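Working through the structure, step by step
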Amino acid sequence: TLGCVVQRKNILPKYPPSTPRPVLLVSVLFLVALGAMVLYGIATGGDANIALWQARPYLYFIWVALLTAVIVRNRRELVHTVGILVSAAIFKATQIFWIFIFQAGNEFGEWREIIGHEDSLFIVGAISLAASLAILRSDNIAIRILFLCTPILFLGLIFNLRRAGYVALLLSAVLAVFIFRHHGRAVLKIAVPVLLLLCAYTAIFWNSDTSLAIPLQKIKSVVFAIPGTADAGSNLYRVTETANLLQTILNYPFGRGFGHPFEIFIELPDVSHIVPHWQYFPHNVYLGLWAFMGFGGLFLFFLLLSILLAHAGQNLRSERDGVLQSINFFILSCLASAIV
């Protein structure tokens, strides 16, 4: 990291580090607030190891964001960077497909999901990249390979049974229709067959309990899960957790500090066999950040995400290169999906 930041300007003066000032300023302010709440949490009796573990993902997020702006200097390097991410998503989708076909015997068993939420989100990002490249009629060997891998990405997304992935795909589709509305004919060529297929699938399997209907039932469970099912229990857990977090926020309006658990006012089941120290890692990341860092920390985090989205949107509107437009849509899709 130090080598890239310090030496790049001397070795390659043509491509100096260029982090946008608003991104740098808000990132530094957020890191200062993050460090302060880690120290405050430890000073007020919080667990030091857990405090560092809680702060870790936010530190990595800022670190990678700033480092990327320093390392990636031109179109070729940007394309290669996104190619690495998309290749990883294709590998994960292939992994899901392999496990389902060869280890689970083509059946949805007692298990609910194969790998994590974030894997489904990156798979959706790769699908969004492929869709935008098709809409903008971009073409080369790498893009054709991505198009060939798109069915694997869709199958991986479906078989992973992550509701977050299905919601992310819907959100990305809405974004694509809005952003690429000036490419109406190309959008319709992709959207109409997909919508007809989805409508037919929904009509046939809406009330079915067969294996083919399980992905649809997972989507339905986001809004109305059947009582007694694992999805209904998951929804209830999140509602109860939210109530506990809101009460913790009321009791500690300036933040409790890292290293402390959120307070339990309504009993929650012990899920430590799945998530060790679950009291420190709530499902609702935003309310959790508010409870541990106060409203100031939450505001800075949302402000940074907003600036990143604004930059991607601005680049998407001003760019004329179809591949770079698609990469900016990939960024928008991944960030928006992760936020939602």
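Residues numbered from 1 in each chain as written. Predicted model: local features only at pLDDT ≥ 70, side-chain atom pairs only at ≥ 80, totals over all residues. Heavy atoms only, no water.

Right, let's talk about a nonpolar patch on the surface for a bit. A cluster of nonpolar side chains, Trp53, Ile274, Val275 and Phe281, forms an exposed patch at the surface whose accessible area comes to about 390 Å². Structurally, Val275 can be placed in the loop between α10 (230-251) and α11 (285-318). For Val275, a relative accessible area of 34% puts it in the partly exposed group. (Patch = residues over 30% accessible without salt bridge, like charges linked within 9 Å, V, L, I, M, F, W, Y side chains within 5 Å. Areas by Shrake-Rupley, 256 points an atom, 1.4 Å probe, with all protein chains shown as cover. Salt bridge = Lys/Arg side-chain N within 4 Å of Asp/Glu carboxyl O. Helix = DSSP H or I, 4+ residues; strand = E, 2+ residues; numbered from the N terminus. Buried < 20%, exposed > 50% of the residue type's maximum accessible area, 1.4 Å probe, protein only.)

What follows covers the nonpolar core. As a rule of thumb, nonpolar side chains are buried together in soluble globular proteins. Ranked by size, the top nonpolar core spans 30 residues in total, and within it Val86, Ile123, Leu129, Leu146 and Leu153 carry the most contacts. When residues of this core are traced back to their parent elements, those giving at least two are α4 (75-103), α5 (117-135), α6 (141-159), α7 (163-179) and α12 (322-339). The greatest single-element share of this core, amounting to 8 residues, is contributed by α5. Filtering out sequence-adjacent residues up to four positions away, Ile123 remains in contact with Ala89, Ala93, Ile96, Leu153 and Leu157. (Core = buried A, V, L, I, M, F, W, Y, C linked by side-chain atoms within 4.5 Å. Contact = heavy atoms within 4.5 Å.)

To continue, consider the packing of α7 against α12. Packing of α7 against α12 leaves a shortest axis separation of 10 Å and a crossing angle of 140°. With respect to their mutual orientation, α7 and α12 come out oblique. Crossing handedness for the pair α7 and α12: right-handed. Across the interface between the two elements, Ala168, Leu171, Ser172, Leu175, Ala176 and Ile179 of α7 pack against Phe329, Leu332, Ser333, Ala336 and Ser337 of α12. (Axes fitted to C-alpha atoms, helices over the stretch in contact; angles between N-to-C directions. Parallel < 35°, antiparallel > 145°, perpendicular 65-115°, else oblique. Left-handed = near helix turned anticlockwise from the far one by under 90°.)

The subject of this paragraph is helix α2 (residues 21-43). Relative to the 33 Å expected for 23 residues at 1.5 Å per residue, α2 spans 33 Å between its end C-alpha atoms, a close match to the ideal helical length. Of the positions making up α2, those classed as buried are Val23, Val26, Ser27, Phe30, Ala33, Leu34, Met37, Val38 and Gly41. On its buried face, α2 sits against α3 (48-71) and α11. Within two residues after α2, Gly45 carries a phi angle of roughly 100°, on the positive side. (Expected span 1.5 Å × (residues − 1).)

As a further point, take the confidence of the model for the chain. Looking at the chain as a whole, the pLDDT averages 85, with 88% of positions reaching at least 70. For the chain, helix α1 (residues 2-11) is the element with the lowest average pLDDT, namely 53, and α2 is the one with the highest, namely 94. (pLDDT = per-residue confidence, 0-100.)

This part covers the packing of aromatic side chains. For any pair of aromatic rings, the description rests on two quantities: the centre-to-centre distance and the angle between the ring planes. Considering all chains together, one arrives at 14 aromatic pairs under this definition. One aromatic cluster in this structure is built from Phe30, Tyr58, Phe61 and Phe301. Above the face of the Trp53 ring, Arg56 is positioned so that its terminal group lies 4.0 Å from the ring centre. When the ring centre of Phe178 is taken as reference, the NZ or CZ atom of Arg181 above it lies at 4.7 Å. (Phe/Tyr/Trp six-rings, centres within 6.5 Å; stacked < 30°, edge-to-face > 60°. Lys NZ or Arg CZ within 6 Å of the ring centre and 35° of its normal.)

As for its position among the elements, Tyr40 is in helix α2. Between the C-alpha atom of Tyr40 and that of Gly255, which follows or precedes it by 215 residues, the distance is 9.5 Å.

Moving on, we get to the side chain of Arg162. Following the sequence through the fold, Arg162 ends up in the loop between α6 and α7. Here Arg162 falls in the buried class, since its relative accessible area comes to 16%.

At 3.6 residues per turn, the α-helix brings residues three or four places apart onto the same side. If you check α6, its first and last C-alpha atoms are 28 Å apart, about what 19 residues at 1.5 Å a residue would give, namely 27 Å. The axis of α6 is deflected most strongly, by about 40°, at Cys149, and proline Pro151 appears within four residues downstream. By the burial criterion, the buried members of α6 are Ile143, Leu146, Cys149, Thr150, Leu153, Gly156, Leu157 and Phe159. By the N-cap criterion, in which a side-chain oxygen at the helix start approaches the backbone nitrogen of a residue two or three places on, α6 is capped by Asn140, the distance to Ala142 being 3.0 Å. Once α6 finishes, Leu161 follows within two positions and takes phi at roughly 55°, a positive value. (Bend = angle between axes of the 7 residues up to and from the residue. Polar contact = N/O pair within 3.5 Å; in protein donor to acceptor, adjacent residues only side chain to side chain.)

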